[in-house]
Amino acid sequence: MRALNSVTLETGQLDLTSDQETAQLPCVPVLLPVALDQTYDYQVPPDFEVAPGMFVKVPFGPQVRTGVVWDTQVGGSDKPVDPKKLKAIQDCLDVPPLSVLSLRFAEWIARYSLSDLGMVLRMMMSAPAAFEAQKPKFGVRLVVGAPLPSRMTDARQRALDVASDGEVRSKARLAEDAACSTAVINGLVKVGVLVECALPAPVFGQPRFDHAEVEFEGDQLAAVHAMVSAVDGDTFSTSLVDGVTGSGKTEVYFEAVARTIERGRQAVILLPEIALTSQFIGRFEARFGVKPVEWHSALSAPERGRIWRAVATGEARIVVGARSALFLPYCDLGLIVVDEEHDTSFKQDDRVHYQARDMAVVRGSLGGIPVILASATPSIESHVNARHGRYRHVVLSSRYSGATMPDVGAIDLRQEGPETGKWLSPRLVNEIETTLGEKQQALLFLNRRGYAPLTLCRTCGHRVECPQCTAWLVEHRFRHRLHCHHCGFTLPIPKKCPKCASEDSLVACGPGVERVAEEVSERFPEARIVLLSSDLVPGLKELRSLINRIEAGEADIIIGTQIVAKGHHFPNLALVGIVDGDLGLALGADPRAGERTFQLLHQVTGRAGRAAAKGRGFVQTYMPEHPVMQAIISGDREAFLEKEISIRERGGLPPFGRLVALIVSARDKHQAEQFARDVARAAPAADRLAVLGPAEAPIAVVRGRHRWRLLVKAPKDLDVQAYCRQWLERAPQAKGDLRLTIDVDPYSFL
Ligand code: ADP
Ligand code: ZN
Ligand code: ZN
């Protein structure tokens, strides 16, 4: 965490002899993208003109690093440093500066999440290529009037045919278009038929606000009106677009995006990465005439750099991306949309812990611009904000063009469970049969990757565990390996029990999606089955192509983990079966377990009957009377919300109270425990605030590190960050192998 005290680096260490005749140069604070919570002052050489937000190269310790000129001093000691002793800025980069708004946003996030400001900056600079000198790229074009090569081949002819339009193409591109190798292209360059020249910089297609006219109906009209007026209002507002799946939320917020670019400003749409399907891109293209600028983990380093710059210059008008797209250097952001706002993938639990949905609202308020949150199952937090009038509540209550919501029923596994060793109850199997008979698609959902969550020895009862984590190894039969889902440890499926060495005594217990797929292919050998699980789909591209095939009707039965729940629109899907409805409810300590299970099951069952066909959903459960199951079956969301909100309110849980988790870890068990207790002892006394723990974490060991947790529970009106800051100042420092992680508004309690 705050490593401030352990930093030995002094900016004053410059070997200027004091009698040197340096006129006093102006100096400016510079923030570096490192784990430090302060700016350092640097001299500005006479021939440089710097302004806040500019990227500069400065000496820092033994290195030269890129940092940002800040407009105020942050952190550090109050002792003024002799300006003569300061080091000087070495270079100003030819990179568009960060806006002052970005500086304020970074400070806000750092203060709120109790992270180092430098680490927030690092997040904002996560495109190293953007800060490198822009090298022109070279390609080839046809030399006008050049004589044909003496030796002609089919491949050469194809390449020349493609190049005959005179355009400049990269060698790789020309080779691909002409279906030949780059050696052929190089040969043509050598004989002088093609010549190398600079490639024109690629440009981003400009979206058109009026590319398509959409006719809206019913509730949609009022929603569009509200969204467009929010954009026209030119002030901060948050709207919660709360509409059942298929009600047209996307179409509605596209209108606000259109209005924003019509007014000349930029817009960003944040989505869980796996909802960034080609379907979504296709709809975007249909509405705006071009593909959106995408920001996600699958981009190459040069692409990241190019997009980062285009966002900074304003060339990129609409960005669609995962949570980190919020931290791009927009020069004139006019609208933020967070789609699937309830999705937990907006929470980052690495380095800077933040919730992108909440930070989007902060960014909106700092920038004085509207924010739109959209979901079919809004988070409790957003519901409460809507009820208290902080968010405008925009409701879309029915599916577009009359498609109806699916009927959902429970299958009580206590009464009509499957035979042993099987996971689909007779009723669900029947339903699948009927669906296939009607030439429609069925989806089976189980939120568990792999074949079986547990491997057990029949002889001695041994459970195969991860050597580095408190977790069972999960069998992945396709890969013939056991995997740890916490640390990535893997091992070939053993023949003998690792403990008692009996041969062939290991048995797989419980189902994962692979096992359900096995059962389905035994029962329906004729059916075309698609298995969707993040570990089986190598990347976003492959995922998109699988989704396209499903959409095109090239699958009869789809079996998947939560990646099937997000945003997809499968027109021919009529049946959804939830293999284990109770799965998410077992996470006892998590105050959001009920909410999350409801959202997931509702989203999954909502995939059925999106087009004209009436959809049906079935949830296999051992507790059909559980409020979550009742809400899913009856479709009475309001009753569920009512109950859930009152539980949170009574318990002082979010959003009625604030939580901050402190997680201590070390390789040594005793050291971890001892440190956790020392940290706990340093907690300042406070009246209305409780510090719970330390307690061993539910997953006590991850990657060989022993973990202990503390939880701060505070009323909403209390400045819990100020409390934690005070605490951390008094607490012992995490030295050596010890780590102390702070997670403000935690979503994980494991
Ligand atoms: P949601 O985001 O609420 O799940 P979508 O925006 O995906 O809903 O809409 C569901 C389907 O209905 C999509 O295929 C969409 O193109 C279509 N649709 C919704 N509203 C309209 C409209 N006003 N005109 C034409 N098609 C619409
Ligand atoms: Zn054994
Ligand atoms: Zn592990």
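Since this is a predicted model, take the numbers as computed values, not measurements.

Novice: What is the right way to look at the pairing of strand 30 (residues 705–715) in this model?
Specialist: Taken residue by residue, a regular strand's side chains alternate between the two faces of the sheet. Within strand 30, nine of the 11 residues are buried, leaving the element largely enclosed by the surrounding structure. Bridging between strand 28 (residues 657–666) and strand 30 involves 10 bridges; their strand directions are antiparallel. Each residue of the ladder has a partner; that of L659, found in strand 30, is K713. Relative to strand 30, strand 29 (residues 690–702) is paired through seven bridges, and the arrangement is antiparallel. Paired with A690 across the two strands is K713, which belongs to strand 30. Between strand 29 and strand 30, which pair antiparallel in sequence order, lie two residues; one of them, R703, sits at a positive phi of approximately 50 degrees.

Novice: Got a minute to help me understand the coordination of the zinc ion (ligand 2) in this structure?
Specialist: Perfect tetrahedral coordination of a metal by four donors corresponds to 109.5 degrees between them, and perfect octahedral coordination by six donors corresponds to 90 or 180 degrees. Taken together, C457 (SG), C460 (SG), C497 (SG) and C500 (SG) make up the full set of protein donors to the zinc ion (ligand 2), lying 2.2 to 2.4 Å away. Coordination at the zinc ion (ligand 2) is tetrahedral: its four donor atoms span angles of 109 to 111 degrees at the metal. In the primary sequence, the donor residues of the zinc ion (ligand 2) line up as C-x2-C-x36-C-x2-C.

Novice: Would you take a moment to explain the pattern of salt bridges for this structure?
Specialist: Side-chain pairs of opposite charge can arise where the charged atoms are in close proximity. Going through the model one piece at a time under the given rule, you end up with 46 salt bridges. Of the charged contacts in the structure, one is a salt bridge between R259 and D232, with a shortest N-O distance of 2.8 Å. Within this pair, whereas R259 is found in helix 7 (residues 249–262), its partner D232 is found in helix 6 (residues 219–233), the two being separated by 27 residues in sequence. Residue R259 is classed as partly exposed on the basis of its relative accessible area, which comes to 28%. Looking at D232, the relative accessible area reads 30%, which means it is partly exposed. Between R265 and D332 there is a salt bridge, with its nearest N and O atoms 3.0 Å apart. Placement of the pair is R265 in the loop between helix 7 and strand 9 (266–270) and D332 in the loop between strand 11 (318–321) and strand 12 (333–339), with a sequence separation of 67 residues. A cluster of three or more residues bridged by salt bridges with shared partners is formed by D232, D234, R259, E262, R263, R265 and D332.

Novice: Which parts of the structure should I look at to understand helix 19 (residues 669–681)?
Specialist: In an α-helix there are 3.6 residues to a turn, and that puts residues three or four apart on one side. Given a rise of 1.5 Å per residue, 13 residues ought to cover 18 Å, and the 19 Å separating the end C-alpha atoms of helix 19 matches this to within 8%. Within the span of helix 19, buried status applies to A672, F675, A676 and V679. The arc that holds every buried residue of helix 19, seen down its axis, measures 105 degrees, which confines them to one face. Facing away from the buried surface of helix 19 by more than 90 degrees, the exposed residues are H670 and R681. Where helix 19 is buried, its residues meet strand 28, strand 29, strand 30, helix 20 (720–730) and strand 31 (739–744). For helix 19, the N-terminal cap is D668; the gap from its side-chain oxygen to the backbone nitrogen of H670 is 3.1 Å.

Novice: Hey, could you run me through the environment of E644 in this one?
Specialist: Tracing the sequence through the fold places E644 in helix 18 (residues 637–651). In this structure, the C-alpha to C-alpha distance between E644 and W708, residues 64 residues apart in sequence, is 28 Å.

Reading the values: the criteria
- Residues numbered from 1 in each chain as written.
- Chains lettered and ligands numbered in written order.
- Predicted model: local features only at pLDDT ≥ 70, side-chain atom pairs only at ≥ 80, totals over all residues.
- Heavy atoms only, no water.
- Buried < 20%, exposed > 50% of the residue type's maximum accessible area, 1.4 Å probe, protein only.
- Helix = DSSP H or I, 4+ residues; strand = E, 2+ residues; numbered from the N terminus.
- Pairing = 2+ DSSP bridges.
- Donors = N, O, S within 2.8 Å, 3.2 Å for Na, K, Ca; no water.
- Tetrahedral: all angles 85-135°; square planar, octahedral: opposite > 155°, others 65-115°.
- Salt bridge = Lys/Arg side-chain N within 4 Å of Asp/Glu carboxyl O.
- Expected span 1.5 Å × (residues − 1).
- Arc of directions from axis to C-beta.
- Contact = heavy atoms within 4.5 Å.
- Polar contact = N/O pair within 3.5 Å; in protein donor to acceptor, adjacent residues only side chain to side chain.

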